[in-house]
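This is what each chain is made of:
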Amino acid sequence: MKRKKILLYNPIAVFFDMPLALIAVGSVLDPEKYEVIIIDGRIDENPMETIKNHLDDAICFGLTVLTGKPIKDAVTVTQAVKKLKNDLPIVWGGWHTSLFPKQTLIDEISIDVTVQGQGEDAFKELVEAFENKTDLAAVKGICYRNSQGEIIKNPPRTIVKMDAFANVNYELIDVEKYFEKKGRRQLDYISSTGCFFRCSFCADPFVYNRKWTAVSPEIMVNKLEELYKKYKFTDVNLQDETYFTYRDRVIEISERIIEKGLNFTWAATMRADQGSRMTIEDFKLCAKSGLRRLLIGVESGSQVMMDWLKKDIKLEQVYMCAERCKEIGIAVQFPFIVGFPEESDESITETIKVALELNSMHPNFRTPIFYFKPYPGTTITDNVVKQGYKLPETVHEWSDFDFVGSTGPWVSREKYEFFEKFKFYLKFAYSKQKAVYLPLQLIAKLRCKYKFFNLPIEKKLVDTFFRKQELA
Ligand code: B12
Ligand code: SF4
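**Overview of unusual backbone geometry**
Logical step 1: The backbone of Asp312 shows a phi angle near 55°, a positive value even though the residue is not glycine.
Logical step 2: The residue Asp312 is located in the loop between helix 13 (303-308) and helix 14 (315-328) in this model.
Logical step 3: Classification of Asp312 by relative accessible area gives partly exposed; the value is 36%.
Logical step 4: We note that Lys451 has phi near 50°; this positive angle belongs to a residue other than glycine.
Logical step 5: In this structure, Lys451 sits in the loop between helix 19 (438-450) and helix 20 (457-466).
Logical step 6: Judged by its relative accessible area of 39%, Lys451 falls in the partly exposed class.

**Topic: the site of ligand 2**
Logical step 1: What surrounds ligand 2 is the set Cys195, Phe197, Cys199, Phe201, Cys202, Pro205, Glu241, Thr242 and Arg271.
Logical step 2: Looking at the shell around ligand 2, its residues break down into 6 nonpolar, 1 polar and 2 charged.

**Observations concerning the sheet that holds strand 11 (residues 235-238)**
Logical step 1: A sheet is described by the order of its strands in space; here 6 strands give the open sequence 8-11-12-13-14-16, paired in parallel fashion. The sheet terminates laterally at strand 8 (186-189) and strand 16 (365-366), the two strands that pair on one side only.
Logical step 2: Each of strand 8 and strand 11 is contacted by helix 9 (residues 217-231), which is oriented at about 150° to strand 8, the strand it contacts most.

**Observations regarding the pattern of salt bridges**
Logical step 1: Per the stated rule, a full pass over the model turns up 28 salt bridges.
Logical step 2: Between Asp57 and Lys2 there is a salt bridge, and its shortest N-O distance comes to 3.3 Å. Taken together, the residues Asp57 in the loop between helix 2 (47-54) and strand 3 (58-64) and Lys2 in the segment before strand 1 (4-10) connect sequence positions 55 residues apart.
Logical step 3: Asp273 is the salt-bridge partner of Arg277, the closest N and O atoms lying 4.0 Å from each other.
Logical step 4: Under the relative-accessibility criterion, Arg277 is labelled exposed at 56%.
Logical step 5: Its relative accessible area of 5% is what places Asp273 among the buried residues.

**Focus on the site of ligand 1**
Logical step 1: Around ligand 1 lies a shell of 36 residues, among which Val14, Thr64, Thr67, Glu120 and Gln239 are the nearest.
Logical step 2: Taking Thr64, its side chain carries an N or O atom lying 2.7 Å from a nitrogen atom of ligand 1.
Logical step 3: One of the side-chain nitrogen or oxygen atoms of Glu120 is found 2.7 Å away from an oxygen atom of ligand 1.
Logical step 4: Taken together, the residues of the shell around ligand 1 break down into 20 nonpolar, 11 polar and 5 charged.
Logical step 5: Residues from two domains meet in the shell around ligand 1; each of domain 1 (4-153) and domain 2 (162-466) gives at least three.

**A closer look at the sheet that holds strand 4 (residues 90-93)**
Logical step 1: Read across the open sheet, the 7 strands follow the order 2-1-3-4-5-6-7; overall the sheet is mixed. Pairing within the sheet leaves two strands with one partner each, and these edge strands are strand 2 (34-40) and strand 7 (151-153). The mean inter-strand angle of the sheet, taken between neighbouring strand axes irrespective of direction, is 20°.
Logical step 2: One ladder, built from 7 bridges, connects strand 1 with strand 2; its direction is parallel. Bridging across to strand 2, Tyr9 finds its partner in Ile39.
Logical step 3: Contacts from helix 3 (residues 70-84) reach strand 1, strand 3 and strand 4 within the one sheet, and its direction differs from that of strand 4 by about 165°.

Conventions and cut-offs
Residues numbered from 1 in each chain as written. Chains lettered and ligands numbered in written order. Predicted model: local features only at pLDDT ≥ 70, side-chain atom pairs only at ≥ 80, totals over all residues. Heavy atoms only, no water. Helix = DSSP H or I, 4+ residues; strand = E, 2+ residues; numbered from the N terminus. Buried < 20%, exposed > 50% of the residue type's maximum accessible area, 1.4 Å probe, protein only. Near = heavy atom within 4 Å. Nonpolar A, V, L, I, M, F, W, Y, C, P; charged D, E, K, R; others polar. Pairing = 2+ DSSP bridges. Contact = heavy atoms within 4.5 Å. Axes fitted to C-alpha atoms, helices over the stretch in contact; angles between N-to-C directions. Salt bridge = Lys/Arg side-chain N within 4 Å of Asp/Glu carboxyl O. Polar contact = N/O pair within 3.5 Å; in protein donor to acceptor, adjacent residues only side chain to side chain. Domains from an automatic or database assignment.

Below, the structure is given as structure tokens:
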């Protein structure tokens, strides 16, 4: 029997993280019945040509969509596919459609279905419904346009334990191409979905309702072993929102990695409160199993601001984690955000102080500083909207909502320029530099200490000759 094709598309975006969402939804389909084809706008030189080559036998076209720039490419490709094959159902899933189930369909007639939250089961049921031409009314966790053109939102799905979906099939992508683009043999992997916490600048509590589920340690490490033997990667980038949710789980995973002798490094996200409850021995075990870098969100150097953000961590916990990582030599990224609505100058001063202190603790500590942006689905954004701030109103307007450059009404031009210089000198002052740069590094340290960034000649030179795209 000839298999039906399921086409999945990852829009153009920054960086080359593997398209885990498409791998996840593609892996739950019966391979005897369906041939899943993942096309990545970041990898394929002529994605439209590839799509065209498969359209004849396709029974649906799915895209994963993040808020912002990726929407632009997603819309272009969606409209082009609809033009070529009008009766092919087009499904959008991911964070943007989890936040805007109806708006996305109202604004763009070429999209037929949007998926909300965890997508594996919803997609499986959708594909079966498309194949059997049955009604979508019974498929939970979706929003769709029915034959009369009405937009219907079905009830949400409850989150399913991730073990059910753990057998992800990386053969759906050309893993080697991602290694090549990344410049290293780094595998992306996700071991949990959702988060228990309530940070008011984050969309996770809205999308996953403060629920969390994870792959069991045994299943996860067996999978990593299988992938390690197959792809010989040297590093794993764990894309979990909060990998360290349960200390015992993390420890068991590390013990199993060591037992199996899997020789790769890994990086993950940790909340400072979670890290502060772990002992130095726990950290050492993680390091022994390959932990090379943590990402610990600090967001603000002011405890008052942290509490306002409902971060539920204490600054002392950040320093406890920093001390442990310093002792063992684990690299850490401590991201901050400045320019929250109503943020006081004292709060910003505290952020500068804490960022400086953390940077000076270890050459492998970094403190990327982002500017507040009212990302949808967060409590702060809801509040600024109530106070009159106008968000984009259509899916097309959301595609112009970019994370770089623009600082909104919350960060003055003066503050923005200050922080751009501060970030540059901070990085230069405290990261490892070649001997010839040591005099400049000393100057950068002094500049940071005295917050003196006039005549930033060094920055101008680097911006002109070496600028790379960064997320901060
Ligand atoms: C990897 C990643 C990226 C990669 C994207 C790689 C890619 N594929 O293009 C890069 C580095 C480019 C990136 C960038 C950014 N990201 Co990002 N990123 C992530 C991260 C860490 C993992 C995503 C992932 O692969 N998850 C694993 C998969 C399996 O889960 P999933 O994507 O949620 O998919 C499930 C469902 O959503 C659904 N689904 C998803 N797609 C589809 C498609 C179909 C057809 C169906 C049926 C279902 C479906 O089913 C999947 C399985 O259950 C998430 C956090 C997280 N843990 O999810 C943040 C996250 C998605 N990013 C976020 C943000 C804010 C950003 C940035 C703005 C960061 C910044 N500060 O600058 C930028 C800008 C993005 C842009 N506008 O260009 C936010 C969400 C923003 C939003 N509203 O879209 C998240 C949730 C982090 C957070 N908690 O705030 N990011
Ligand atoms: S910022 Fe991190 S810890 Fe806070 S709610 Fe979002 S995912 Fe959870």
